[in-house]
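# Summary of structural features
Below are the chains, spelled out letter by letter.
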2 protein chains.
Amino acid sequence: MKVGILGGGQLGRMLLQAAANYVVETYVLENDEHCPAAHLCHHFVKGDIKDFDTVYNFGKMVDALTIEIEAVNVEALEQLEKEGIKMFPKPSAIKTIRNKIIQKQFYKEHEIPSPPFTITQNKNELTNHLSFLPAVHKIGQGGYDGKGVQIIKTKEDISKGFDAPSVLEKMVNTDKEIAIIIATNERGETAIYPPVEMVFDPVLNLLDYQIAPARISQNVLWKTEAIALKVVKSLQSPGLFAIELFVDKNGEVCVNETAPRVHNSGHHTIEASYCSQYDMLWRVILGYPLGNTANITCSSIVNLLGAPGYSGNAVYEGLNEVLKMDTVFVHLYGKAQTKPGRKMGHVTILGKETADLTYKANKIKSLLQVKSEQ
Amino acid sequence: MKVGILGGGQLGRMLLQAAANYVVETYVLENDEHCPAAHLCHHFVKGDIKDFDTVYNFGKMVDALTIEIEAVNVEALEQLEKEGIKMFPKPSAIKTIRNKIIQKQFYKEHEIPSPPFTITQNKNELTNHLSFLPAVHKIGQGGYDGKGVQIIKTKEDISKGFDAPSVLEKMVNTDKEIAIIIATNERGETAIYPPVEMVFDPVLNLLDYQIAPARISQNVLWKTEAIALKVVKSLQSPGLFAIELFVDKNGEVCVNETAPRVHNSGHHTIEASYCSQYDMLWRVILGYPLGNTANITCSSIVNLLGAPGYSGNAVYEGLNEVLKMDTVFVHLYGKAQTKPGRKMGHVTILGKETADLTYKANKIKSLLQVKSEQ
């Protein structure tokens, strides 16, 4: 089977590492021939994933397509779908998800709990919603990796808002942020991973470190699974989905957002699960039985982000110290250039005790810095 | 760092899967552009690993070289070593190991226990050693994957012997066959994996299934570690080595043979160890600290060999049944063509109980057959 991946970043890289356990001919479309995934596929095609003709021509070379980023030419995917190319996920699911306004409306329509919101067309409109603050302003289209999101606490923050169609979402009094991955295949079968618990960097608004499984009550777990399953079933598409959710202090659960692809919150599954999220997506694409989502052991993930103030050829300060640690797995994404906040790698920690996992996560965060050559 | 691999088979494939966790530019030299490793490196070079000029020119492109098979042009490696290319292992170690006669003499010289042997120049000479039977006839140069080895039990078997310089090795009254992997870096530090226990297919003389860790006494473990460490230290080369040993009914341990590279007996380390053998070799090559050789859990490996009587386009009968099994990891090597006994993949089983591991191993062996299209 010939399978194409739109996008060649670290998610594509890890997807291709997993592909090498199966018999599959892999294609990658990406503008940068030095991207993390370029050298791990059978056929690398240099081109713009946002361009109709490029995506269409790429799609005609393969039997099935998947994505590692939502910002792709969906119109080309729709045409390819009509012509019989299999899609994981379907373009309709990408369309629903990649625009935050449509995504929010989708939750509302399907009675999926999600924070209250209003839609703004430009920055000025924010002044009409002062009673709605504190809120989060999310740009409709084009947001990614913490970009396109601004916290608007008071009137004074309005200048930070987006002058484009956006969602203004009421801030939730969050107790925990969790994420859950669900895979669903063409037969409609589902495989649900145990939810993970996330801790965010308040400055860069990127995932900071993560504990798996999430420390939540059985009740919250059931709600989470039910809500996430509703999201996936409502999207009516095979593929693998990551649903990020808020848990409030009363144990109420609501959806923050969904990604229709392998996800940062599932990196730990490479070592900590019997079937990794990457393996699972291949099983979905290749028509194999779904895998076992159970944890082998508890785990934690530290994301390696480019340190503030450093841009240029990446240098991994403290790497040797981290490589000496037991029960630790280092993943560097092979990006030559670092810049502040860029995702350069991650470290997975296995362990039985949360205390041990958080101790090691914090140790790694302080030891390992991605800087640049002087 | 630019690193070249001589050979592009499944060992190269898994080595490259692991390489994608680090920042390293990879090169593969192999005659077949459809080999399992060809599409997973940055630079694939088509060429004969036994040809001096080809290997020399390939080596000049990189900073360091490793191998995934011993049958390479060692003279070219010696020249490259003189010119400053780093070698994992050193050509001297390959030279010692790849010729069974020299390997046996090496054990004798270094007082490393190994079964008694005599050297034969041709088939006729075997008649001079009838009192030495039952014995194993091993061809000096060119044996690989069960080829180049014949069991000579009686006078009648002599016709099966090799008409070339060979080793005639006394058959050991073996209780167990075990293997142990040791990595050693340029600083002379070593990392020792727990030994594994092997069960062989009596017909094809290939590894059939394996249990890790080996069920041996503390005494046998100590002997095994001491002997294997002696082998590695005596080879005086950085790299990763797999030492196969016999344990007799009295608990005596002796070396069967050594491989100066990642090895079939270490496949389970991908999922069952904190640092896989592949990760470990990259750590050695890249100058990183050695990794943690401890098991995360016990494991078993089933090798998927081409079924007898089938040659042609490979078909994996029973694959779905095996993919449905919990705690099981399937690795297919992506070889389009199968033939009897060809290594087509392996399956790793994780578990705490030996009974569970052997039950599943046998189930997989009976379920999963590599046949060919009719």
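All values reported here derive from a predicted model rather than from experimental measurement.

## Observations concerning the sheet that holds strand β6 (residues 117-120) of chain A
Through backbone hydrogen bonds, the strands of a sheet pair up, either in parallel or in antiparallel fashion. All names here are of chain A. Reading across from one edge, β6-β9-β7-β8 is the order of the four strands in this open sheet, with antiparallel pairing throughout. The open sheet is flanked by β6 and β8 (149-152), the only strands paired with a single partner. Each strand of the sheet is rotated relative to its neighbour by a mean of 25°, with strand direction disregarded. Two strands pair when backbone bridges link them, and β6 and strand β9 (residues 166-170) are joined in this way by four bridges, in the antiparallel orientation. Each bridged residue has a counterpart across the sheet, and for T120 the counterpart in β9 is S166.

## Concerning the sheet that holds strand β21 (residues 369-372) of chain B
One open sheet holds the three strands; their spatial order is β19-β17-β21 (chain B), and the pairing between them is antiparallel. Whereas interior strands pair on both sides, the edge strands pair on one side only; in this sheet they are β19 (337-338) and β21 of chain B.

## Comments concerning the interface of chain B and chain A
Facing 33 residues of chain B, the contacting portion of chain A comprises 33 residues. Here chain B meets chain A over a buried area of about 3100 Å², counting both sides, of which 59% is carbon and sulfur. Across the chain B-chain A interface, the total number found is zero salt bridges. For the interface between chain B and chain A, the tally reads 15 residue pairs in polar contact (both at pLDDT 80 or more).

## Some words on the pairing of strand β17 (residues 312-317) of chain B
Residue and element names in this part refer to chain B. Pairing analysis gives two bridges linking β17 to β19, with the strands arranged antiparallel. Its bridge partner lying in β19, N313 is registered against Q337. Judged from the four bridges that link them, β17 and β21 form a sheet pairing that is antiparallel. Residue V315 lies in a different strand from β21, and its bridge partner there is K371.

## A short note on helix α2 (residues 52-59) of chain B
Residue and element names in this part refer to chain B. Among all positions of α2, only V55, Y56, F58 and G59 are buried. Mapping the buried residues of α2 onto a view down its axis gives an arc of 165°, with all of them on the same face. Those residues of α2 that are buried are in contact with β1 (2-6), β2 (25-30), β3 (43-46), β4 (64-67) and α3 (74-82).

## What to know about the side chain of N21(B)
With respect to the helices and strands, N21(B) occurs in the loop between α1 (10-19) and β2. For N21(B), a relative accessible area of 16% gives the class buried. In terms of polar contacts, N21(B) uses its side chain to reach the side chain of Q17(A), at 3.1 Å. Within the structure, the side chain of N21(B) is placed 3.0 Å from the side chain of H331(A), a separation counted as a polar contact.

## Thoughts on the relation of the copies chain B and chain A
For the pair chain B and chain A, the relating rotation is 180°, the translation along its axis is 0.0 Å, and the fit reaches an RMSD of 0.0 Å. Such a combination of turn and shift is consistent with a two-fold rotation axis. Relative to the rotation axis, the closest C-alpha in chain B is found at L40(B), a distance of 2.1 Å. Comparing contact sets, 100% of the residues at the interface of chain B also lie at the interface in chain A, consistent with an isologous, same-surface contact.

## Notes on helix α6 (residues 218-235) of chain B
Since the α-helix turns once every 3.6 residues, residues separated by three or four places project in the same direction. All names here are of chain B. Helix length check: α6, at 18 residues, gives a terminal C-alpha distance of 26 Å against a target of 26 Å (1.5 Å per residue), a fit within 8%. Residues V220, T224, I227, A228, V231, V232, S234 and L235 constitute the buried set of α6. One side of α6 holds all its buried residues, which, seen down the axis, span an arc of 170°. Lining the buried residues of α6 we find α4 (91-98), α5 (100-109), β10 (174-184), β14 (239-248) and β15 (253-259). Within two residues after α6, Q236 carries a phi angle of roughly 50°, on the positive side.

## Some remarks on the UniProt feature "binding site: ATP" (unreviewed entry) in chain A
Residues and elements named next belong to chain A. Per the UniProt record, the feature "binding site: ATP" (unreviewed entry) sits at K100, K138, E169, K170, M171, V172, E177, N256 and E257. Apart from residues lying up to four places away in sequence, K100 is in contact with K138, I139, G140, V167 and E257. Apart from residues no more than four positions distant in its own chain, N256 is found in contact with Q103, Y107, K138, E169, E177, E244, L245 and F246. Of the polar contacts made by the side chain of N256, one reaches the side chain of K138; its length is 2.9 Å.

What counts as what
Here the residue index of a chain counts from 1 through its sequence in written order. Both sets of labels track the order of writing: A upward for chains, 1 upward for ligands. Totals for whole chains, interfaces and linings use all residues, but because this is a predicted model, local features are given only for residues with pLDDT of at least 70 and pairs of side-chain atoms are given and counted only at 80 or more. By convention in this description, side-chain values take in all heavy atoms of the structure and omit both hydrogens and water. DSSP bridges decide pairing: two strands pair if at least two such bridges lie between them. By the criteria applied, helices consist of DSSP H or I runs no shorter than four residues and strands consist of E runs no shorter than two, each listed in order from the N terminus. Note on geometry: axes are C-alpha line fits, over the in-contact stretch for helices, and angles between N-to-C directions span 0 to 180 degrees. Residue contacts follow a heavy-atom distance rule, with two residues in contact if any of their heavy atoms lie within 4.5 Å. Buried area: the accessible area, evaluated with a 1.4 Å probe, that two parts lose upon being put together, summed over both parts. The term salt bridge refers to a side-chain nitrogen of Lys or Arg lying within 4 Å of a carboxyl oxygen of Asp or Glu. For this analysis, a polar contact is any N or O atom pair within 3.5 Å, provided that within protein one partner can donate a hydrogen and the other can accept it, and provided that sequence-adjacent residues contribute only side-chain to side-chain pairs. In this scheme, a residue with accessible area under 20% of its type's maximum is buried, one over 50% is exposed, and one in between is partly exposed, where area comes from a 1.4 Å probe on protein chains only. The arc in question is traced by the directions running from the helix axis to the C-beta atoms. Each copy is superposed on the other by least squares, with the fit set by C-alpha atoms of residues at a pLDDT of at least 70 in both. Helix span is expected to be 1.5 Å times the residue number reduced by one. UniProt positions are given in the numbering used here, feature names are shortened, and annotations may be inferred rather than shown by experiment.

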